[in-house]
Amino acid sequence: MIQVLVVEDDPVAADAHRLYVGRVPGFVVAAVAHSRAEAVRALDRTPVDLLLLDLYLPDGHGLHLLRSLRAAGHTADVIAVTSARDLAVVREGVSLGVVQYVLKPFTFATLRDRLVRYAEFRAAAGEASGQDEVDRALGVLRAPQPTRLPKGLSGPTLEAVTRVLRAAPDGVTASAAGTELGISRITARRYLEHLVTVGRAVRTPVYGHVGRPELYYRWVSQAH
């Protein structure tokens with residue numbers, strides 16, 4: 001089992017990341033830390049293989065934490081989970097051992113893809129037969145394939161449905177989403193159900209006076 005330390009200051013996001021990691025076979029969350037200081041204490045107590053590291057922590061930048069860990073001899077790999085898009089930060093992270101970046105907000109499918117690829121890269125052993133094999137091993141880690149949408153779903157329509165959903169803090173029905181976007185209720189429901197499947201929305205039945213309950217869909221926020 002690959003032991004993971006989740007470092008995330010927002011408790012809701014930290015819990016979501018912990019649940020996501022726990023759903024991927026071969027991975028287990030060894031500890032959760034909400035600050036740089038907590039992460040250092042956790043690493044002193046518990047050996048881990050991988051850090052799921054937020055870069056914006058209340059007591060220092062995540063890369064400052066990583067730099068101090070490397071100086072102290074910690075060799076765990078790192079997947080940065082962050083909203084930071086500064087490529088200079090990305091380059092610095094790579095030099096310190098960040099093997100993947102996952103930009104917030106993200107779906108379970110996105111994190112699962114990165115973790116599965118990391119596990120495959122980590123499992124590679126022995127001596128490479130040549131350059132091609134080295135390139136394939138690095139390619140597994142560095143070039144993840146984009147998550148494919150189910151057949152019949154389009155990216156632009158998914159983005160439109162997502163915007164409607166995010167703008168409705170109390171939830172939205174498939175009928176209401178379809179009316180706002182000019183698409184059928186059935187089509188809107190397919191996109192909403194896809195968002196539920198990938199962990200970006202939740203479905204709640206609301207019971208009326210008569211008939212079957214109406215389904216409301218609500219966006220699941222990923223913190224900063």
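Residue positions are given per chain, counting from 1 as you read along its sequence in written order. Only residues with pLDDT of 70 or above have their local features reported here, since the model is predicted, and side-chain atom pairs are shown and tallied only from 80 upward, although totals for entire chains, interfaces and linings are computed over all residues. Here the side-chain values reflect all heavy atoms present in the structure, with hydrogen atoms and water set aside.

**Remarks on the overall build of the protein**
To keep things clear, this is the line we draw: Strands are runs of DSSP state E lasting at least 2 residues, helices are runs of H or I lasting at least 4, and numbering of each runs from the N terminus. Exposure is judged per residue with a 1.4 Å probe applied to protein chains only, and the accessible area is read against the type maximum: over 50% gives exposed, under 20% gives buried, and values in between give partly exposed. In what follows, a contact means two residues having at least one pair of non-hydrogen atoms within 4.5 Å. Exposure was quantified through the Shrake-Rupley algorithm and a 1.4 Å probe, taking into account, for residues, occlusion by the shown protein chains and nothing else.
Counting secondary structure elements, the protein contains nine helices and nine strands. Burial status across the protein gives 41% buried among its 224 residues. When contacts within the protein are restricted to residue pairs at least 6 apart in sequence, those whose partners lie at least 24 apart make up 63%. Entry remark: accessible area of the protein is about 12,100 Å², with carbon and sulfur atoms responsible for 54%.

**Thoughts on the sheet that holds strand 3 (residues 50-53)**
Consider a sheet: its strands pair through backbone hydrogen bonds, and that pairing is either parallel or antiparallel. This is how it is decided: In this scheme, strands are said to pair when DSSP sees at least two bridges between them. Here an angle of 0 to 180 degrees is reported between the N-to-C directions of two axes, which are lines fitted to C-alpha atoms, with helices fitted over the stretch in contact.
Taking strand neighbours across the sheet as the criterion, the five strands line up as 2-1-3-6-7 in an open arrangement whose pairing is parallel. Each edge of the open sheet is held by one strand with a lone partner, namely strand 2 (27-33) and strand 7 (98-103). Here the average twist between neighbouring strands, direction ignored, is 20°. In terms of strand pairing, strand 3 meets strand 6 (residues 77-82) through four bridges, oriented parallel. Note that in strand 6 the partner of leucine 52 across the bridge is isoleucine 79.

**Structural notes on the nonpolar core**
Put simply, the rule is: For our purposes a nonpolar core is just a set of buried Ala, Val, Leu, Ile, Met, Phe, Trp, Tyr and Cys residues, chained together by side-chain atoms within 4.5 Å.
By size, the foremost hydrophobic cluster in this structure holds 23 residues, and its most contacted members are Leu5, Val7, Leu51 and Leu53. Not counting residues up to four positions away in its chain, the partners in contact with leucine 53 are Val7, Gly62, Leu65, Val78, Ile79, Ala80 and Val81. Residues Val4, Val6, Phe27 and Tyr118 belong to the second largest nonpolar core, which totals 18 residues.

**Regarding helix 1 (residues 11-22)**
Rules: Between the first and last residue of a helix there are one fewer steps than residues, each counted as 1.5 Å, and that sum is the expected span. Throughout, the arc means the angular range of directions from the helix axis out to the C-beta atoms. Nitrogen and oxygen atoms within 3.5 Å of one another constitute a polar contact, given that in protein one can donate a hydrogen and the other can accept it, and given that sequence-neighbouring residues count only through two side-chain atoms.
Between the first and last C-alpha of helix 1 there are 16 Å, a value that for 12 residues agrees with the 16 Å anticipated at 1.5 Å per step. Considered for burial, the residues of helix 1 that qualify are Ala13, Ala14, His17, Tyr20 and Val21. Along the axis of helix 1, the buried residues cluster in a sector spanning 125°; they form a single face. Every exposed residue of helix 1 that faces more than 90 degrees away from the buried side is listed here: Pro11, Val12 and Gly22. For helix 1, the N-terminal cap is aspartate 10; the gap from its side-chain oxygen to the backbone nitrogen of valine 12 is 3.0 Å.

**With respect to the environment of aspartate 44**
You can see aspartate 44 is positioned in helix 2 (residues 36-45). For the pair aspartate 44 and histidine 74, spaced 30 residues apart in the sequence, the C-alpha separation amounts to 9.6 Å.

**Topic: the pattern of salt bridges**
Worth spelling out the cut-off: Salt bridges are defined as contacts in which a side-chain nitrogen from Lys or Arg sits within 4 Å of a carboxyl oxygen from Asp or Glu.
One pass over the full model with this rule turns up eight salt bridges. Between glutamate 193 and arginine 203 there is a salt bridge; the shortest N-O distance is 2.6 Å. With glutamate 193 in helix 9 (residues 185-197) and arginine 203 in strand 8 (residues 201-206), this pair connects stretches of sequence that are 10 residues apart. One network of salt bridges, with partners in common, ties together Glu8, Asp54 and Lys104.

**Remarks on the packing of helix 7 (residues 155-166) against helix 9**
Put simply, the rule is: Just so you know how the angles are binned, under 35 degrees is roughly parallel, over 145 roughly antiparallel, 65 to 115 roughly perpendicular, and the rest oblique. We call Asp, Glu, Lys and Arg charged. Ala, Val, Leu, Ile, Met, Phe, Trp, Tyr, Cys and Pro are nonpolar, and the rest, Gly among them, are polar.
Relative to each other, helix 7 and helix 9 sit at 80°, their axes nearing to 10 Å. One element, helix 7, and the other, helix 9, form an angle in the roughly perpendicular class. Residues Thr157, Leu158, Val161, Thr162 and Leu165 of helix 7 touch helix 9, and the partners they reach there are Tyr191, Leu192, His194 and Leu195. Taken together, the residues that form the contact of helix 7 with helix 9 break down as six nonpolar, three polar and no charged.

**A short note on the pairing of strand 2**
Residues in a regular strand point their side chains to alternate faces of the sheet. Our working definition: We call a crossover right-handed when, viewed with the strands running away from us, the connection from the first strand over the helix to the second turns clockwise.
As judged from the six bridges shared by strand 1 (residues 2-7) and strand 2, these two strands associate in the parallel manner. Following the sheet pairing, leucine 5 is matched in strand 2 by alanine 31. The parallel pair strand 1 and strand 2 is bridged by helix 1, and the resulting crossover is right-handed.

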